[in-house]
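Chains, contacts and geometry: an overview
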Amino acid sequence: MKLGDLTELAARNLREAMLRNSLTTLGIAVGVASLVAMLSLGVGLQELASSRLTHSGLFDAVIVMSKSTMRGFGGPQQNEAADAAPARRLDDPARKELSALPNVVEVYPEVRFPTEIVFDGKPFSTTAAGIPESARADGAYDGMKGNFFSAPDAPEAILQIEFAKQLSDNTDSLVGKELSLRYAERQALPPDETAKPSTRATNKDASADEDEGAGFSVVTREKKLKIVGIVETEPAAGFGGFGRGRLLIPLAIAQTLKIAQPTDMREMLRGSSGKVSYDSLTVRVKNPAAVQSVEDSIKKMGFGTFSILDATKNLRLVFIVFDSLLGIFGSLALTVASLGIINTLVMAILERRREIGILKALGAADRDVRRLFFAEAGAMGLFGGIAGVVLGWAIGRALNFATNVYLKRQGLPPIDLSSVPLWLVGSAIGFSFFVSLIAGMYPASRAAKLDPVEALRYE
Amino acid sequence: MSEPTGTHAIRTEHVTRIYQMGESQVPAVNGVSITVDAGEFVALLGSSGSGKSTLLNLLAGLDRPTSGAIYAHGKNLAEMSSGELAHHRSHTVGMVFQAFNLLPRMTLEENVELPLRLAEVERAERPARVREAVDRVRLTARLSHRPTELSGGEQQRASLARALVNRPTILLADEPTGNLDSHTGDAIMDLLTEINRTLGMTIVMVTHDRVRAERYAGRIITMGDGKLISDGVRV
């Protein structure tokens, strides 16, 4: 029998016992829905975690340091190739070279310093961090109170929520107010004074050209900043999140402040030439998948690198196990539903015994009868799968809605808890179809083997 | 094994069909050898349990003999695979049953079309073939009716149209008038005779009605207890 005729006959048979077949299909739909709901939760959580971690700046960033600096840290994650390359200074030409690497979005220095601020006449100690303008677009500041910096060099500040709580019980009221940032500015000395010993030092600061070849003094400064926003965490924690910034200012501002860094003294003692150099640079990569290749390229350039790539791999493994467990639980319902298919089709054989006999008498081969029952099982699986995906998606949305209502009451930003990607839609329908065919094997085989003479005698 | 194709439409050689009934074996057909020539109208006559319907099922390829050989146009059904038997049922023979055996949820047209679907006849060709078969049994006006909307005689004519639609060479009828009144039964028998004469189709009809057999069939084969009792050409 041709496929078109087979489909028509199967559809006709399914319509004949509409109620029973609909209930069986509904059983499959519920099974698929539980599978889809479980997996969509797993996928949603994975995407949520990946998104948060990506936005944290940990997984798409490579920290680049001069090898001499890394030796100070105990030399993390250096391979043999990197060891073989000569140590290079992390200066502006190197920064340009890094920016030109494939998959590199931007390269910026790490500016993070301990400071004191004055707010409402009271002093507060904290850590400040410079935030690049690119951070605005990566979604990390979604849901923050207030706004991101109005301009790359705006004298503005964003507070981390815990720090904001120290400043005021009513954190919302802080937005729009002003604070004073106290910091230690590295100030250039005239060249003739550098020859003098004692309190002067030979400066080779990262950002001050006028310091070139000169020593420096440290002067206390103060800068007024307007609070424009409050964020839950510092999204771009940079160096593995250590010493997270609680007061965030535009990176351009942070660089112009010429803040004295603890490494300034070390650089001076090393007797470097006085050219611009950086303690470390953060290389932001297009996506976490490109981190490894970028890291390899940087190592070949003669720099030390640090990233949390391995942690990403482990995270992926954890989610694969998690998804598998959810999938197994979800499949249990589908297994029960497949028993419903077997039951329905076995009942259909009993009811249609005579019809099967007639079909065989008219020339139907065993194969035709088997395919007819397979087609009926497959159709139930297909429609059950489609309905199940819709139902599973709806369950996921309902869970999402309920979660976000709860989060809103807690004053937290909304999240996307469940996700039904296209691959899940296709796999769920395919799996349902496949399971239904497996379930249809026994009834189909039984129907095909019916003795036509016996079947024709059946009343 | 096959035999040379001659004028024989059907030939059986010592055909035996034994059923296992618990511990005992019951021979429903026991060593029957007959020959039916192409274009013959043969009546298989016998009382209930004589084995005539079992023999008809064997000729149709619905059942397999325990021993012996059955040749249809020279091909031995006993040696055919399940698929080949299905092809035989679809293309070589057409069957008419006492209980009509129409599918109740299909219209007359759909019932008649069913063998064409099973024989994988092209969709475009089917309406004409259905029309031809239905015209032959004079049921054109009832094409869209379901079996429950037809009389017994009409149902049997529909069943006959379904048997003819694949243009078989042999028509096997199992008590075709058994469920009909005398007048309607005669009309069906007239139709069978007409088909036999106009199409030259070989007809083997099982019946226990000696009067009808003698009136319509060209030859009567009588069976009893599974054995061949007599085989005579009616003059």
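Given the structure is predicted, the values throughout are model-derived calculations rather than measurements. (Residues numbered from 1 in each chain as written. Chains lettered and ligands numbered in written order. Predicted model: local features only at pLDDT ≥ 70, side-chain atom pairs only at ≥ 80, totals over all residues.)

Some points on the overall build of chain A
- Check the secondary structure of chain A and you find 15 helices and 12 strands.
- Looking at chain A alone, contacts between residues at least 24 apart form 83% of all its contacts between residues at least 6 apart. (Helix = DSSP H or I, 4+ residues; strand = E, 2+ residues; numbered from the N terminus. Contact = placed C-beta atoms within 7 Å.)

A few points about the overall build of chain B
- Scanning chain B from terminus to terminus reveals seven helices and 11 strands.
- Each of the 235 residues in chain B was classed as buried or not, and the buried ones make up 47%.
- A fraction of 71% describes how many contacts in chain B between residues 6 or more apart in sequence connect residues 24 or more apart. (Buried ≥ 20, exposed ≤ 12 C-beta atoms within 10 Å, placed from the backbone.)

A look at the confidence of the model for chain B
Residues and elements named next belong to chain B.
- In this model, chain B carries a mean pLDDT of 92, and residues with pLDDT of at least 70 account for 96%.
- Strand 8 (residues 170-174) holds the highest mean pLDDT among the elements of chain B, 96, whereas strand 11 (residues 227-233) holds the lowest, 87.
- Reported for the predicted complex are a pTM of 0.65 and an ipTM of 0.93. (pLDDT = per-residue confidence, 0-100.)

A word on helix 1 (residues 52-60) of chain B
All names here are of chain B.
- Buried residues dominate helix 1, accounting for nine of its nine residues.
- Of all the residues in helix 1, the buried ones are K52, S53, T54, L55, L56, N57, L58, L59 and A60.
- Count one or two residues on from helix 1 and you reach G61, which has phi positive near 80°.

Comments concerning the interface of chain A and chain B
- With 16 residues of chain A at the contact, the number on the chain B side is 18 residues.
- Sorting the residues of the side of chain A that touches chain B by element identifies helix 1 (3-16), helix 12 (353-361), helix 13 (366-409) and helix 15 (452-457) of chain A as the ones contributing at least two each.
- A class-by-class count of the residues in the side of chain A that touches chain B yields nine nonpolar, one polar and six charged. (Nonpolar A, V, L, I, M, F, W, Y, C, P; charged D, E, K, R; others polar.)

Some points on the packing of helix 5 (residues 152-164) of chain B against helix 6 (residues 182-199) of chain B
Residue and element names in this part refer to chain B.
- At a minimum axis separation of 9 Å, helix 5 and helix 6 run at an interaxial angle of 20°. Between helix 5 and helix 6, the crossing angle belongs to the class labelled roughly parallel. Considering how the two elements wind past one another, helix 5 and helix 6 form a crossing that is right-handed. Along the contact surface, helix 5 presents G152, G153, Q156, R157 and L160, while helix 6 presents T184, A187, I188 and L191.
- Its residues assigned to classes, the contact of helix 5 with helix 6 comprises four nonpolar, four polar and one charged. (Axes fitted to C-alpha atoms, helices over the stretch in contact; angles between N-to-C directions. Parallel < 35°, antiparallel > 145°, perpendicular 65-115°, else oblique. Left-handed = near helix turned anticlockwise from the far one by under 90°.)

Some details on the environment of A:S40
All names here are of chain A.
- Relative to the elements of secondary structure, S40 occurs in helix 2 (residues 18-55).
- Its 28 C-beta neighbours within 10 Å are what place S40 among the buried residues.
- Those residues in contact with S40, other than ones at most four positions away along the chain, are G392, G396, S418, S419, V420 and L424.

What about the nonpolar core?
- With 123 residues, the main nonpolar core has A:V36, B:L44, B:A161 and B:L172 as its most contacted residues.
- Ignoring sequence-local partners within four residues, the contact set of B:L44 consists of B:K52, B:L55, B:L56, B:V204, B:M205, B:V206, B:I221 and B:M223.
- One finds A:M65, A:L90, A:A94 and A:L225 within the second-largest nonpolar core, a separate group that totals 50 residues. (Core = buried A, V, L, I, M, F, W, Y, C linked by C-beta atoms within 7 Å.)

Overview of the pairing of strand 9 (residues 202-207) of chain B
Residues and elements named next belong to chain B.
- Along strand 9, six of the six residues are buried, which leaves the element largely enclosed by surrounding structure.
- Judged by which residues are buried, strand 9 turns out to be covered on both faces: T202, V204 and V206 on one side and I203, M205 and T207 on the other are all buried.
- Bridge count between strand 4 (residues 41-46) and strand 9: five bridges; the pairing is parallel. In the sheet register, L44 faces strand 9, and the bridge partner there is V206.
- In terms of strand pairing, strand 8 meets strand 9 through five bridges, oriented parallel. If you follow L172 over to strand 9, its bridge partner there is V204. (Pairing = 2+ DSSP bridges.)

A look at the sheet that holds strand 11 (residues 280-285) of chain A
All names here are of chain A.
- Taking strand neighbours across the sheet as the criterion, the four strands line up as 2-11-1-12 in an open arrangement whose pairing is antiparallel. This sheet does not close on itself; its edge strands, each paired only once, are strand 2 (104-109) and strand 12 (304-306). Adjacent strand axes in the sheet meet at a mean angle of 25° when their direction is disregarded.
- Direction of pairing for strand 1 (residues 61-65) relative to strand 12: antiparallel, over a ladder of three bridges.

Looking at the pairing of strand 5 (residues 67-72) of chain B
Residues and elements named next belong to chain B.
- Here strand 1 (residues 8-21) pairs with strand 5 via five bridges, running antiparallel. Directly across from I10, in strand 5, lies its bridge partner A72.
- Two elements, strand 5 and strand 6 (residues 75-76), share two bridges in a ladder whose sense is antiparallel. When the bridges of strand 6 are listed, A72 appears paired with K75.

Structural notes on the confidence of the model for chain A
All names here are of chain A.
- Across chain A, the average pLDDT comes to 79, with 80% of residues at 70 or higher.
- No element of chain A has a lower mean pLDDT than strand 8 (residues 201-202), at 42, and none a higher one than helix 12, at 92.
- This model gives residues 195-212 a pLDDT under 50, and the stretch forms 45 contacts once residues within four places in sequence are excluded.
- Residue range residues 237-243 is modelled with pLDDT below 50. Its contacts to residues more than four positions away, or to other chains, number 15 contacts.

Section: unusual backbone geometry
Residue and element names in this part refer to chain B.
- Although it is not a glycine, H73 adopts a positive phi angle of roughly 50°.
- Within the fold, H73 resides in the loop between strand 5 and strand 6.
- In this model, R167 sits at a positive phi of 50°, which is unusual for a non-glycine residue.
- Note on placement: R167 falls in the loop between helix 5 and strand 8.

As for the environment of A:V336
All names here are of chain A.
- In this structure, V336 sits in helix 11 (residues 309-351).
- Assessed through the 14 C-beta atoms surrounding it within 10 Å, V336 is described here as partly exposed.
- Remark: the alpha-carbon pair of V336 and G31, spanning 305 residues in sequence, is separated by 7.6 Å.

Quick notes on the environment of B:T107
Residue and element names in this part refer to chain B.
- The topology assignment puts T107 in the loop between strand 7 (93-96) and helix 3 (108-118).
- Linking T107 and P147, residues 40 residues apart in sequence, is a C-alpha distance of 6.7 Å.
- Once residues within four sequence positions are removed from consideration, T107 is found in contact with L143, S144, H145 and R146.

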